[in-house]
Amino acid sequence: MSENHEKKNLRTPIVCVMGHVDHGKTTLLDQIRGTSIVKGEAGAITQHIGATEVPIDVIVERCGDKRLRDKFIVPGLLFIDTPGHHAFTTLRSRGGSLADLAVVVVDINEGFKPQTIESLNILKRFKTPFIVVTNKIDKLYGWKSNPHAPFLTTYKKQTPETQALFETKFYEVVGRLYEQGFSADRFDRITDFQKTLGVVPISGLTGEGVSDVLMILLGLAQRFLESALHYNIDGPGIGTVLEVKEEKGLGTTIDVILYDGTLRKGDTVVIGRLGEPIETKIRALLKPRELAEIRYESKFKQVPKAVAACGVKISAPGIEEALAGSPVIMATPETIESVLEKVKKEIADVQIQTDSDGVMIKADTLGSLEAMVHEFRKAEIKIRKAEVGDVSKRDVMEASTIEDPMHSVILAFNIKTTPDALELMDEHPSIRIFTNDVIYRILDDYKNYIKEREEELEKLRSDTLIKPGQFKILPGCVFRQSKPAVVGVRILGGVIKNNTDVMLPDGTVVGTVKGIENNGKKIPKATVGMEVAMALDGATVGRQIKEEDILYVHIPESDSKVLEFEIFDTLSNDEKETLEKYLAIRRKDKPFWGK
Ligand code: GDP
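These numbers come from a predicted model, not from an experiment.

**A word on the site of the ligand**
Near the ligand you find 15 residues, and of these Asp-22, Lys-25, Thr-26, Thr-27 and Asp-138 are the closest. Between Gly-24 and the ligand, the recorded distance is 3.0 Å, taken from a backbone N or O atom to an oxygen atom. Between Asp-138 and the ligand, the recorded distance is 2.7 Å, taken from a side-chain N or O atom to a nitrogen atom. When the free accessible area of the ligand is taken as 580 Å², the share hidden by the protein chains comes to 73%. If you tally residues by element for the shell around the ligand, the top one is helix α2 (residues 25-38), at three residues. Partitioned by chemical class, the residues of the shell around the ligand number two nonpolar, eight polar and five charged.

See the structure below:
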């Protein structure tokens, strides 16, 4: 670290790599980690627990322009080793994300995929500065690779045909970004990275364009994050639990990304769990062993202290219930009370507000739970319960008590269903569990399920529900007087079905429809505008009914309530009009009929 950095007291910005599966996140991270080791610079890159630190010197070296060295005041970049939006949301801190910057990887040959959009949505929500890389340019037809070259250098060496193919594919991605609300362009054409999203074409495999990625990340950190990166090297250590892990010989340990201050062996720390926070003493601080030290039995070596920003493993008693995504804060006898309160409050803030009814949401970490609840709320889905943990027998039991089939569901993100819960599921076939590792797939699956259920219910209802209808007996069209009467009618509104009772405008029921014919063919129902022959059982023309009479379908009170108060919006205009006339008749003497 140069004096420059120490004077400024800027910590290393934390970077997350996100994007769709198989688009090359791991390969890019390997590329960033690997090359300088290959060049014999091992040690320059520091392997942390769960993260890799690339110092500014290594980046400058890769870019081949030493003059850049003094332009930067951030000490380097700390890449989180686990790619994906999962790590991003787990690494929450103070309601935001711990990641200062992100890289979204898109396979230029495949374009946008579900997790690409999910990553963009999450970054938008957290307002995290990021860049997009269009990966695998080496796979474009005719591409001649120039390993580790900056993008523009390798681009200029391609044939005009390959360049044209590249442009087409590249601007497809830019177009998709635009659809998502981002004005984006190739990094070298951008003057203001605050207004325009930078897109860097790369190959994670050959390293082309990777130095550009590192430079732009540094630039972004410097320009937009300077204030956020100030830290207090002597202050209490503050971090976030990345993972809770069993280690042979160590028992339960927590992998922590430390983003402020210093932690020392023997320090008291407060760690979040559901309910009261954990208060414990650090038994050991562990870092990965260098490759050269492989002969040791343990993969880890003890260190006396850890300084932000870094990844470190903590071994301490009583941390079994620590929650991934929760804070870890060092405390002294003077601060312990306030730190306990602070951690408790932070966990309570995530104990998401729930409704009195709705679905059950379960997720693996606080961060992903938060993200899920956010997406479901946005889709206006009610949530009865939101919890961290696998789907348990208790959850299934609880879901089985919910009557509404739309709500007797469990939406599970990135977790398992325990065997006894699965067993219980067999006894309750109506309960549904939707599980996936992409939030919005769960959301889509659930929405589809709701739609199917609603259609089923609607069909069931409309098959049995008596709908409004009115018709007029046409003059000169009495074909038979009675038993049954057969008359020509015009349907004025709604629908007339076989076997429905009909009534006069004064409310008297005069008969039942016992057959409808259109041009000599029997039909089950007649709709508005049609002129048909109709058999009316129970009525005699000249007595109860006569030519020019207007008759209505007799709707029972219970069906009328459904029509008026539940599905009125789904009726056609003539059905609405007919229903209103019908209600006026029924309510003439009884104002509260059907209410
Ligand atoms: P992740 O799931 O996003 O982490 O994707 P991986 O890094 O595991 O990559 C998926 C596959 O794509 C692997 O077979 C990689 O070797 C391959 N791959 C990744 N990046 C590149 C690239 O730039 N060029 C080529 N040709 N293949 C790549």
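That covers the picture; the talk isn't over yet.
**Some remarks on the packing of aromatic side chains**
In this structure the tally under the stated criterion is 13 aromatic pairs. With a centroid separation of 5.3 Å and 35° between ring planes, the pair formed by Phe-151 and Tyr-155 is classed as tilted. Within this pair, Phe-151 and its partner Tyr-155 are both found in helix α6 (residues 151-156), separated by four residues, close to a single helical turn. Residue classification places Tyr-155 among the buried positions, given a relative accessible area of 12%. With 6.0 Å between their ring centres and 80° between their planes, Phe-434 and Tyr-446 make a pair best called edge-to-face. Of the two residues, Phe-434 sits in strand β24 (residues 432-436) while Tyr-446 sits in helix α13 (residues 439-464), which places them twelve residues apart along the sequence.

**Considerations on the pairing of strand β32 (residues 550-553)**
Of the pairings in the sheet, the one linking strand β25 (residues 469-480) to β32 comprises three bridges and is antiparallel in character. Paired with Phe-471 across the two strands is Leu-551, which belongs to β32. Inspection of the sheet shows strand β27 (residues 501-503) paired to β32 by two bridges, in the antiparallel sense. By the bridge assignment for β32, Val-502 is matched with Val-553.

**Some remarks on the sheet that holds β24**
Hydrogen bonds between backbone atoms are what pair the strands of a sheet, whose relative direction is either parallel or antiparallel. Spatially, the four strands line up as an open sheet ordered β22-β21-β23-β24, and their pairing is parallel. The open sheet has two edge strands with one neighbour each: β22 (383-388) and β24. Neighbouring strand axes in the sheet, compared pairwise and without regard to direction, differ in orientation by 15° on average. Across five bridges, the pairing between strand β21 (residues 359-363) and β22 is parallel. If you follow Ala-363 over to β22, its bridge partner there is Val-388. Across the sheet, helix α11 (residues 393-400) is in contact with β21, β22 and β23 (409-413); its angle to β22 comes to roughly 180°. Packing against the sheet, α13 makes contact with β21, β23 and β24, and its axis sits at approximately 150° to β24.

**So, helix α5 (residues 114-126)**
In a regular helix each residue adds 1.5 Å, so 13 residues correspond to 18 Å; α5 covers 19 Å between its end C-alpha atoms and thus fits that length. Two residues or fewer after α5 comes Lys-127, characterised by a positive phi angle close to 55°.

**A look at the side chain of Asp-267**
Relative to the helices and strands, Asp-267 is located in the loop between β13 (262-264) and β14 (268-271). The side chain of Asp-267 is buried and forms no salt bridge, while Arg-264, the nearest opposite charge, is found at 5.2 Å. Excluding residues that lie within four positions of it along the chain, Asp-267 makes contacts with Thr-262, Thr-280, Lys-281, Ile-282 and Met-330.

**Side note on the pairing of strand β4 (residues 76-80)**
Within β4, five of the five residues are buried, which leaves the element mostly enclosed by the surrounding structure. Here β4 shows no split at all, with Gly-76, Leu-78 and Ile-80 on one side and Leu-77 and Phe-79 on the other all buried. Summarising the sheet, strand β1 (residues 14-19) and β4 pair through two bridges and their orientation is parallel. Within β4, the residue paired with Val-15 across the bridge is Phe-79.

**Here's the deal with the sheet that holds β1**
The strand order across the open sheet built from eight strands is β2-β3-β4-β1-β7-β8-β10-β9, with neighbouring strands paired in mixed fashion. The sheet is open, and its two borders are formed by β2 (46-47) and β9 (184-186), each paired with just one other strand. Pairing of β1 with strand β7 (residues 101-107), which is carried by five bridges, proceeds in the parallel orientation. Paired with Val-17 across the two strands is Val-103, which belongs to β7. The strands touched by helix α7 (residues 160-179) within the sheet are β7, β8 (130-135), β9 and β10 (197-201), with β9 carrying the most contacts at an inclination of about 155°.

**Focus on empty space enclosed by the protein**
For the structure shown, the criterion picks out one cavity of 30 Å³ or more. Its boundaries defined by the atoms lining it, the largest cavity holds a volume of some 30 Å³. The element best represented in the lining of the largest cavity is α5, accounting for three residues. Classifying every residue of the lining of the largest cavity by side-chain character gives three nonpolar, one polar and two charged.

**Here's the deal with helix α10 (residues 366-378)**
Under the 1.5 Å per step criterion, the end-to-end length of α10 is 18 Å for 13 residues, consistent within 8% with the ideal 18 Å. Among all positions of α10, only Leu-366, Gly-367, Ser-368, Leu-369, Ala-371, Met-372, Val-373, Glu-375 and Phe-376 are buried. At the C-terminal side of α10, Glu-380 shows a positive phi close to 60°.

**Some thoughts on the nonpolar core**
Formed by 113 residues in total, the largest nonpolar core has its most connected members in Phe-79, Leu-177, Ile-361, Phe-376, Leu-411 and Tyr-446. Here this core gets nine residues from one element, more than from any other, and that element is helix α8 (residues 210-224). Beyond its immediate chain neighbours, meaning those up to four positions away, Ile-361 contacts Leu-369, Met-372, Val-373, Phe-376, Ile-383, Lys-385, Ala-386, Glu-387 and Leu-411.

**Here we look at the pattern of salt bridges**
If you walk through the whole model with that rule in mind, you get 29 salt bridges. For Glu-456, the salt bridge identified is with Arg-453, shortest N-O distance 4.0 Å. With Glu-456 and Arg-453 both in helix α13 and three residues apart, this pair spans about one turn of that helix. Note that Glu-531 and Arg-490 form a salt bridge whose closest N and O atoms lie 2.7 Å from each other. Of this pair, Glu-531 sits in strand β31 (residues 531-537) while Arg-490 sits in strand β26 (residues 485-497), and the two are 41 residues apart along the sequence. Among the charged side chains, a network of salt bridges with common partners joins Lys-362, Arg-384, Lys-385, Glu-387, Arg-394, Asp-395 and Glu-398.

Cut-offs used in this document
- Residues numbered from 1 in each chain as written.
- Predicted model: local features only at pLDDT ≥ 70, side-chain atom pairs only at ≥ 80, totals over all residues.
- Heavy atoms only, no water.
- Near = heavy atom within 4 Å.
- Polar contact = N/O pair within 3.5 Å; in protein donor to acceptor, adjacent residues only side chain to side chain.
- Areas by Shrake-Rupley, 256 points an atom, 1.4 Å probe, with all protein chains shown as cover.
- Helix = DSSP H or I, 4+ residues; strand = E, 2+ residues; numbered from the N terminus.
- Nonpolar A, V, L, I, M, F, W, Y, C, P; charged D, E, K, R; others polar.
- Phe/Tyr/Trp six-rings, centres within 6.5 Å; stacked < 30°, edge-to-face > 60°.
- Buried < 20%, exposed > 50% of the residue type's maximum accessible area, 1.4 Å probe, protein only.
- Pairing = 2+ DSSP bridges.
- Axes fitted to C-alpha atoms, helices over the stretch in contact; angles between N-to-C directions.
- Contact = heavy atoms within 4.5 Å.
- Expected span 1.5 Å × (residues − 1).
- Lys, Arg positive; Asp, Glu negative; His and termini not counted.
- Salt bridge = Lys/Arg side-chain N within 4 Å of Asp/Glu carboxyl O.
- 1 Å grid on protein atoms, 1.4 Å probe; cavity = no way out; pocket = protein on both sides within 12 Å on 5 of 7 lines; lining within 4 Å.
- Points joined across faces, edges and corners; volume = space filled by probe spheres on them.
- Core = buried A, V, L, I, M, F, W, Y, C linked by side-chain atoms within 4.5 Å.

Interpretation in functional terms is not warranted from these geometric data alone.
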